[in-house]
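Inside the fold
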Amino acid sequence: MSNRFLSAILLLPTLAGAAAVELVQSDASESAVRNDAAIAYVARRGDTVQLEWRAPDGTRHVLDTNGVPDTPAWSPAGDAIAYQVFEGENGNLAIRDLATGHVKYVGATGDSEMHPFFSADGTKLVYTRIVSHGDEAELRLFESDLRPGGAEVPLLRGAPASYGSWSPDGRWLLYWRFAEGENAEITVSRGDGSEPRALTQDPAFDGWPSWSPDGRHVAFARERGEEADIRVASFDGTNECLVAGGAGRKTSPKWTADGRAIYFDRRWAGATDLLRAVVPDACLRERAGVRR
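Model, not experiment: these values are computed from the prediction.

Cut-offs and rules
Residues numbered from 1 in each chain as written. Predicted model: local features only at pLDDT ≥ 70, side-chain atom pairs only at ≥ 80, totals over all residues. Heavy atoms only, no water. Buried < 20%, exposed > 50% of the residue type's maximum accessible area, 1.4 Å probe, protein only. Helix = DSSP H or I, 4+ residues; strand = E, 2+ residues; numbered from the N terminus. Disulfide = S-S within 2.5 Å. Pairing = 2+ DSSP bridges. Axes fitted to C-alpha atoms, helices over the stretch in contact; angles between N-to-C directions. Polar contact = N/O pair within 3.5 Å; in protein donor to acceptor, adjacent residues only side chain to side chain. pLDDT = per-residue confidence, 0-100. Contact = heavy atoms within 4.5 Å. Salt bridge = Lys/Arg side-chain N within 4 Å of Asp/Glu carboxyl O.

Quick word on unusual backbone geometry
Notably, Thr-71 is not glycine yet its phi reads approximately 40 degrees, a positive angle. Among the residues examined, Thr-71 registers a relative accessible area of 4% and is labelled buried. Positive phi, normally seen in glycine, also occurs at Ser-252, with a value near 55 degrees. Relative to the helices and strands, Ser-252 is located in strand E23 (residues 249-255). Its relative accessible area of 0% is what places Ser-252 among the buried residues.

So, the state of the cysteines
The final tally for this structure, using the stated rule, is 1 disulfide. In this model, Cys-241 is linked to Cys-283 through a disulfide, with the two sulfur atoms separated by 1.9 Å. Between Cys-241 and Cys-283, the S-S dihedral sits near -45 degrees, and the bridge is therefore left-handed. Taken together, the residues span a long stretch of sequence, with Cys-241 in strand E22 (residues 241-244) and Cys-283 in the segment after strand E25 (271-278) at a distance of 42 residues. Accessibility expressed as a relative area gives 14% for Cys-241, which makes it buried.

Focus: the sheet that holds strand E8 (residues 80-86)
Judged by pairing direction, the sheet is antiparallel, and its 4 strands sit side by side in the order E7-E8-E9-E10 without closing on themselves. One side of each edge strand has no neighbouring strand; the edge strands of this open sheet are strand E7 (68-74) and strand E10 (103-106). With direction set aside, neighbouring strand axes in the sheet form an average angle of 30 degrees. The pairing of E8 with strand E9 (residues 91-97) spans 7 bridges and is classified as antiparallel.

Things to note about the environment of Ser-234
Note that Ser-234 resides in strand E21 (residues 227-234). Within the structure, Ser-234 has its side chain in polar contact with the backbone oxygen of Arg-285 (distance 3.3 Å).

Focus: the confidence of the model for the chain
Looking at the chain as a whole, the pLDDT averages 88, with 91% of positions reaching at least 70. Here strand E1 (residues 9-10) stands out as the least confident element of the chain, with mean pLDDT 35; E23 is the most confident, with 98. Scored below 50 in pLDDT, residues 1-17 shows 44 contacts in the model against residues more than four places distant or in partner chains.

Concerning the side chain of Glu-143
By the element assignment, Glu-143 lies in strand E13 (residues 136-145). The contacts of Glu-143, once residues within four sequence positions are left out, are Lys-124, Leu-125, Val-126, Ala-151, Glu-152, Val-153, Leu-155 and Trp-166.

Points about the pattern of salt bridges
A side chain with one charge can pair with a side chain of the opposite charge if their charged atoms come near. A complete count under the given rule lists 20 salt bridges for this structure. Notably, a salt bridge pairs Glu-52 with Arg-45, separated by 3.0 Å at the nearest N-O pair. When its relative accessible area of 23% is taken as the criterion, Arg-45 is described as partly exposed. Connected through shared salt-bridge partners, Asp-202, Asp-206, Arg-222, Arg-231 and Glu-240 make up one network.

Quick look at the environment of Arg-177
Inspection of the secondary structure puts Arg-177 in strand E16 (residues 172-178). Here Arg-177 falls in the partly exposed class, since its relative accessible area comes to 31%. With 20 residues separating them along the chain, Arg-177 and Arg-157 place their C-alpha atoms 13 Å apart. Contact partners of Arg-177, with chain neighbours within four places excluded, come to Pro-160, Ala-161, Asn-183, Ala-184, Glu-185, Thr-187 and Pro-196.

So, in structure tokens, the structure goes:
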């Protein structure tokens, strides 16, 4: 079997309570998981960075993005992929129809956009823009209506935030935002950005949040120095649980469609790989009366 599709269990150092970790794809990162288990990701092949996706039967597809791709996201119907593409100095967002190959660009303001995420009905896209202010820049969330004549609007009244995603029912918006200094917390608000509340309160940097398919749990990464762990918490911030610890900087968690496992990136010893960990049952317990 080639090193592209390894499935051997890695004997990685883990912290107490963490699950065993499986190598899914070497030299890859930024996964997106479709409902039928197809996986899109950014692959590094020598000096080339390319967008690939792997069908459930293992067939690998390479997409020509006309630039350096990053942060892919599946459309709800699974027939298109949104991604960031660098064509020069700025990263713009593109949506590629897999059947026709047609590419639609979103944003393209002169600033860089990244981390796209579709609404459940596929009509809107939420994403991060690096907004420049002279020599300084801020991360801000924007929403774009993808329907003909649809407009772009800023979310959270322009407050700095990144890595946004709507809950499966569309009622809630999940993201990380700075708390004090360079610390960041996982935060959830109403779908329109109102009534924000922090799900984490930790002196470490908490980022890269992701909804479970049923909207009851949130996966995220917590930095600890040069390393980072993958954790899961209930929607109200309780029952925080370690899923993948040990050596390496682990980020960008993405749930499988059944909510039983999480894909994530690991940067360690000069390599970046796409890994998968089963979520322990204890991490999926909820306190009675969790508000959703």
